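Chain and residue survey
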Amino acid sequence: PLFPTRSSPMNKTAHPWLCLLAAALGSTSATACEVVAEHAWIRLAPPNAPVLAAYVNLRNPGEQSAPLTAASSADFERVEMHQMSMDGGVMQMRKLDMIEVKVGETRELKPGGDHLMLYGAKRALQQGDKVTLTLTLCPEKTQDVEFTVLEQAPEGAPQGDHEHHDHHEHAH
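Some words on the state of the cysteines
Counted under the stated rule, the structure contains one disulfide. Covalently, Cys 33 is tied to Cys 138 through a disulfide, its sulfur atoms 1.4 Å apart. Negative torsions about the S-S bond denote left-handed disulfides, and the value of about 75° found for Cys 33 with Cys 138 makes this one right-handed. Of this pair, Cys 33 sits in the loop between helix H1 (16-31) and strand E1 (36-43) while Cys 138 is found in the loop between strand E9 (130-137) and strand E10 (141-150), placing the two residues 105 residues apart along the sequence. We classify Cys 138 as partly exposed; its relative accessible area is 23%.

Quick word on the environment of Arg 59
Along the polypeptide, Arg 59 turns up in strand E2 (residues 51-59). The class for Arg 59 is partly exposed, based on a relative accessible area of 30%. Those residues within four positions of Arg 59 in sequence are excluded, and the remaining contacts are Val 35, Val 36, Glu 38, Val 101, Glu 105 and Thr 106.

So, the side chain of His 82
Here His 82 is to be found in strand E4 (residues 76-87). Side chain to side chain, His 82 and Glu 80 meet in a polar contact 2.8 Å long.

Some details on the pattern of salt bridges
Applying the stated criterion to the full structure yields eight salt bridges. Glu 34 is paired through a salt bridge with Lys 141; the nearest N and O atoms lie 3.9 Å apart. Note that Glu 34 is positioned in the loop between H1 and E1 and Lys 141 in strand E10, a separation of 107 residues in sequence. Glu 108 is paired through a salt bridge with Lys 110; the nearest N and O atoms lie 3.5 Å apart. On the basis of relative accessibility, which here comes to 35%, the residue Glu 108 falls in the partly exposed class. Classification of Lys 110 by relative accessible area gives partly exposed; the value is 23%. Bridged by salt links that share partners, the residues Asp 75, Arg 123 and Asp 129 form one connected network.

Each value, and the rule that gives it
Residues numbered from 1 in each chain as written. Predicted model: local features only at pLDDT ≥ 70, side-chain atom pairs only at ≥ 80, totals over all residues. Heavy atoms only, no water. Disulfide = S-S within 2.5 Å. Helix = DSSP H or I, 4+ residues; strand = E, 2+ residues; numbered from the N terminus. Buried < 20%, exposed > 50% of the residue type's maximum accessible area, 1.4 Å probe, protein only. Contact = heavy atoms within 4.5 Å. Polar contact = N/O pair within 3.5 Å; in protein donor to acceptor, adjacent residues only side chain to side chain. Salt bridge = Lys/Arg side-chain N within 4 Å of Asp/Glu carboxyl O.

And the structure:
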């Protein structure tokens, strides 16, 4: 029989194709919620700046949407997702609960748009330093991404609409 029954001699072992199906489904879900991070950087800020901004391109080559639901780093007290927009000529910033990276999409976290806010640096950061941010996706998968501290966007990274905006001058 295809499905084991109580009277079948296979009642203590699973049918081989069920094992293959379970393995295939398991491997699909293990890689289903990943993004490719490109051009990950943190804008260099003056010493003792209370907040820094991080930017990255998140590309989703997978077969399901990959919502970014949280971020953290051992180098900061907390990390938040934010969105900047212009409203009547006034720059507005708001905290986001999620940034969705749809299938086949590259989501640009860039100056003047969606980005990561880094609060309470636990060490002084200088040009060229590396910082690991842990991204939480779908909502329980984590992915570590290495960011480089730079004065300006690396070549190939989106420049954004407000390249010289100072985040630490605005109330959050």
